[in-house]
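Overview (structure and organization)
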Amino acid sequence: MSFTTKVKEELVHLSDSHKKELSAIIKLSGSLSLSNKSLNLSITTENAKIARYIYSLIEKSYHIIPEIKYHQKTNLRKNRVYTVFIDQDVDKILSDLKLADSFFGIETGIEAKTLSDDNAGRAYLKGAFLATGTIRDPESGKYQLEIYSVYLDHAQGLAQLLHKFMLDAKTLEHKNGAITYLQKAEDIMDFLIIVGAMSCKDEFESVKMLREARNDINRANNAETANITKTINASMKTINNIIKIMETVGLDSLPIELQQIAHLRINNPDYSIQQIADALDVPLSKSGVNHRLRKINKIANDI
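What comes next is a walk through the structure. (Residues numbered from 1 in each chain as written. Predicted model: local features only at pLDDT ≥ 70, side-chain atom pairs only at ≥ 80, totals over all residues. Heavy atoms only, no water.)

Observations regarding the overall build of the protein chain
Stated precisely, the cut-off is as follows: A run of DSSP states H or I qualifies as a helix once it reaches four residues; a run of E qualifies as a strand once it reaches two. Both are numbered from the N-terminal end. C-alpha atoms define the radius of gyration in this analysis, and the globule rule sets the expected value at 2.2 Å times the number of residues to the power 0.38. The buried label goes to any residue with under 20% of its type's maximum accessible area, the exposed label to any with over 50%, and the partly exposed label to all in between, with areas taken from a 1.4 Å probe on protein chains only. Contact between two residues is taken to exist if any of their heavy atoms lie within 4.5 Å; hydrogens are not considered. What sets the accessible areas is the Shrake-Rupley method with a 1.4 Å probe; for residues, cover comes only from the shown protein chains.
Check the secondary structure of the protein chain and you find 13 helices and 8 strands. In terms of overall size, the protein chain is more extended than a compact globule, its C-alpha atoms giving a radius of gyration of 34 Å where 303 residues would be expected to give roughly 19 Å. Considered along the principal axes of its C-alpha atoms, the protein chain spans approximately 110 × 40 × 35 Å. Here the protein chain, with 303 residues, has 42% of them falling under the buried criterion. A sequence separation of at least 24 residues applies to 63% of the contacts in the protein chain between residues at least 6 apart. For the protein chain, the accessible area works out to roughly 16,800 Å², and carbon and sulfur atoms hold 51% of it.

Printed below as a string of structure tokens:
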């Protein structure tokens, strides 16, 4: 099950509901038709649980029993598409939800009251996400929440509504519509809180924290590996220089303090600078050991 499906199925099981949910769902997933001089409303979804939820919203809000139909998609995925179909009092429903102007092209944005009322805004966002929302799986490490709108001004209205809840929403126009999107993990988690998907918010946060912990460990391991490689390279350079001195002028030509360092380094190639310092007859600081090793390297380079 995708993370998007998990969020939507959590939302449809919440105990509270609001007409503004239905308003957003119809606006984003509804279509009108005429039959026998009556107005019909069809609301489509690929999720059976969302279809049942829409059915219950309509029944509860308007005491109308819709019909649920379905057909199989003909593409490769062959998903079922569910349609909640209403053929009575459609004009009254559209009027009550302030949607008549939207369907007849007069107004395609979001009603001002939805933008000014927090509860209405939360419900509208919940319905909009149920209709056309998606969230990229947090396991991917690339965070993105999107809600698709047919009209750019509606996408901009959604962004305005999200801004009201302090979320950094942006819009992007496509050839066939527009999307409103969030890209920050913190904003997506806040969105889930706003619409009431608390379990999915906790899951999202857990995945994010686990990924960050793994990334921190990987960075630390990479840094440690880089340091080990650097130490080994420096050690091998010095060992080669000591061998060069032995084969030319001999170690006896070095001052006694450099001879001690040279013997320790060539006999213990895996020693760290600190281990060399501790192994000396008279313990020395790391900077002191480094200073003497640099002298050995300079002598070898001058030969």
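Examining the sheet that holds strand β6 (residues 145–149)
Formally: Any two strands are treated as partners once DSSP identifies two or more bridges connecting them. Only the stretch in contact is used when fitting a helix axis, every axis being a line fitted to C-alpha atoms; angles between N-to-C directions are given from 0 to 180 degrees.
Spatially, β5-β6-β8-β7 is the arrangement adopted by the 4 strands of the open sheet, whose pairing is antiparallel. At either margin of the open sheet sits one strand with a lone partner, and together these are β5 (133–135) and β7 (170–174). Pairs of neighbouring strands in the sheet enclose a mean axial angle of 25°, with direction left out of account. In the sheet, β7 pairs with strand β8 (residues 177–182) via 5 bridges, with the strands oriented antiparallel. Looking across to β8, one finds that Leu 172 is bridged to Ile 179. Sheet strands in contact with helix α7 (residues 118–132) are β5 and β6, and its direction is about 80° off that of β5.

As for the pairing of β6
Only one face of β6 is buried, namely the one carrying Leu 145, Ile 147 and Ser 149, since none of Glu 146 and Tyr 148 on the opposite face is buried. Where β5 meets β6, 3 bridges bridge the pair, whose relative direction is antiparallel. Bridge assignment links Ile 135 to a residue of β6, and that residue is Leu 145. Direction of pairing for β6 relative to β8: antiparallel, over a ladder of 5 bridges. Bridge assignment links Glu 146 to a residue of β8, and that residue is Tyr 181.

Remarks on empty space enclosed by the protein
Formally: Method remark: on a 1 Å grid restricted to protein atoms, a set of points is classed as a cavity if a 1.4 Å probe fits but cannot get out and as a pocket if it is open with protein on both sides within 12 Å along at least five of seven lines; lining residues have an atom within 4 Å of a point. Grid points are joined across faces, edges and corners, and a volume is the space filled by probe spheres set on the points.
Evaluation of the coordinates by the stated rule reveals 1 cavity of 30 Å³ or more. Ile 25, Ser 29, Thr 44, Thr 45, Ile 50, Ile 54, Leu 130 and Ala 131 are the residues that line the largest cavity. Mapped by element, the contributors of at least two residues to the lining of the largest cavity are α2 (19–29), β2 (38–45), α3 (48–62) and α7.

A short note on a nonpolar patch on the surface
Convention followed: Only residues whose relative accessible area exceeds 30% and that form no salt bridge enter a patch; like-charged residues are grouped when within 9 Å of one another, and nonpolar side chains (Val, Leu, Ile, Met, Phe, Trp, Tyr) when within 5 Å. Here, a salt bridge means any Lys or Arg side-chain nitrogen found within 4 Å of an Asp or Glu carboxyl oxygen.
A surface patch of nonpolar side chains, about 280 Å² in accessible area, is lined by Tyr 148, Val 150 and Tyr 151. Along the chain, Tyr 148 turns up in strand β6.

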